[in-house]
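Coordinate inspection notes
Here is how the chains run, residue by residue.
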Amino acid sequence: MERTSAGWINGFIGVVIFSGSLPATRVAVMQFDPVFLTVARGAIAGLLALAFLLALKQKRPSPRELVSLAVVAAGVVVGFPLLTALALQHVTSAHSIVFIGLLPLATAVFGAIRGGERPKPAFWAFSILGSALVAGFALFQGLSVSPFGDLMMVAAVIVCGLGYAEGGRLSRTLGGWQVICWALVLSLPLMLPAAFLYMPTTFSDIHMPAFIGLAYVSLFSMLIGFVFWYRGLSQGGIAAVGQLQLLQPFLGLALAAALLNEPVTWGMLAVTVAVIACVAGAKHFAR
């Protein structure tokens, strides 16, 4: 019970940190190219992760763990940041945040496939209902705005769910902060050269908010948040703790409205409340 409670606490801290990711990305892509933003955040976080691993003299992962780390890296270091950055060139962060409602279902599905978890049938009923509400909202409002942006967000949710579940499973043996650090280091040979390749020719026209956005997604979204998140998934269960992601739309919408002055419609709030109610039911039957 104590380990489960610690998992929920760590998971909640991770969700709070992640809530600022999409608004920060939205600010950054207003002036940074989305590909540069993706590789730069990975390179910055990767160099910090390498320093931590060397300073604390961590042992190298086994060949089997390296395969899992490659999946984590593809999902959360490369896939999710790039796809969301592309999406946020076409949709607002407030609109994109609604799609985060699909993440608990995606995480739970991959948790069952990769982590061996077996939630009760009622869990899947609640999760599918919540996801249907999110998809219905996107079809009703999102596709008329930008089909490409919505498609990128759906793809981002899928690869992120896989990366979350794989990382949560691997954290049981390798450790939460070690998983994200090794995944970042594994991506560094790609991210670091690409960051120099896609670097803007001059930074003189880049304003401070864009730099702040880059700093946030590099330090908090890409590294610090995952330390808590993967530890929470390993302690409390991938499917169960994964439901905490449904708090992220509330926090993210509030940030989008407060920091970016983006419109938050009653429809967005209504679908968020409805989805959270569904996931609350799913959480009850997660085990």
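This is a predicted model, so every value here is computed, not measured. (Residues numbered from 1 in each chain as written. Predicted model: local features only at pLDDT ≥ 70, side-chain atom pairs only at ≥ 80, totals over all residues. Heavy atoms only, no water.)

Once that is clear, we can look at the packing of aromatic side chains. Tallied over the entire structure, the rule returns eleven aromatic pairs. Their ring planes at 65 degrees and their centres at 5.9 Å tell us that tyrosine 164 and phenylalanine 226 sit as a pair that is edge-to-face. With tyrosine 164 in helix α8 (residues 147-174) and phenylalanine 226 in helix α10 (residues 208-236), the pair connects residues that are 62 residues apart, well separated along the chain. Joined through ring pairs, the aromatic side chains of Phe18, Tyr164, Phe226, Trp229 and Tyr230 make up one cluster. (Phe/Tyr/Trp six-rings, centres within 6.5 Å; stacked < 30°, edge-to-face > 60°. Helix = DSSP H or I, 4+ residues; strand = E, 2+ residues; numbered from the N terminus.)

Before going further, it helps to examine the packing of helix α3 (residues 34-55) against helix α4 (residues 63-87). Running from N to C, α3 and α4 point in directions that differ by 150 degrees, and their axes come no closer than 9 Å. Relative to α4, the element α3 lies roughly antiparallel. Considering how the two elements wind past one another, α3 and α4 form a crossing that is right-handed. Contacts between α3 and α4 involve Pro34, Val35, Leu37, Thr38 and Arg41 from the first element and Val77, Val78, Pro81, Leu82, Ala85 and Leu86 from the second. For the contact of α3 with α4, a count of residues per class yields nine nonpolar, one polar and one charged. (Axes fitted to C-alpha atoms, helices over the stretch in contact; angles between N-to-C directions. Parallel < 35°, antiparallel > 145°, perpendicular 65-115°, else oblique. Left-handed = near helix turned anticlockwise from the far one by under 90°. Contact = heavy atoms within 4.5 Å. Nonpolar A, V, L, I, M, F, W, Y, C, P; charged D, E, K, R; others polar.)

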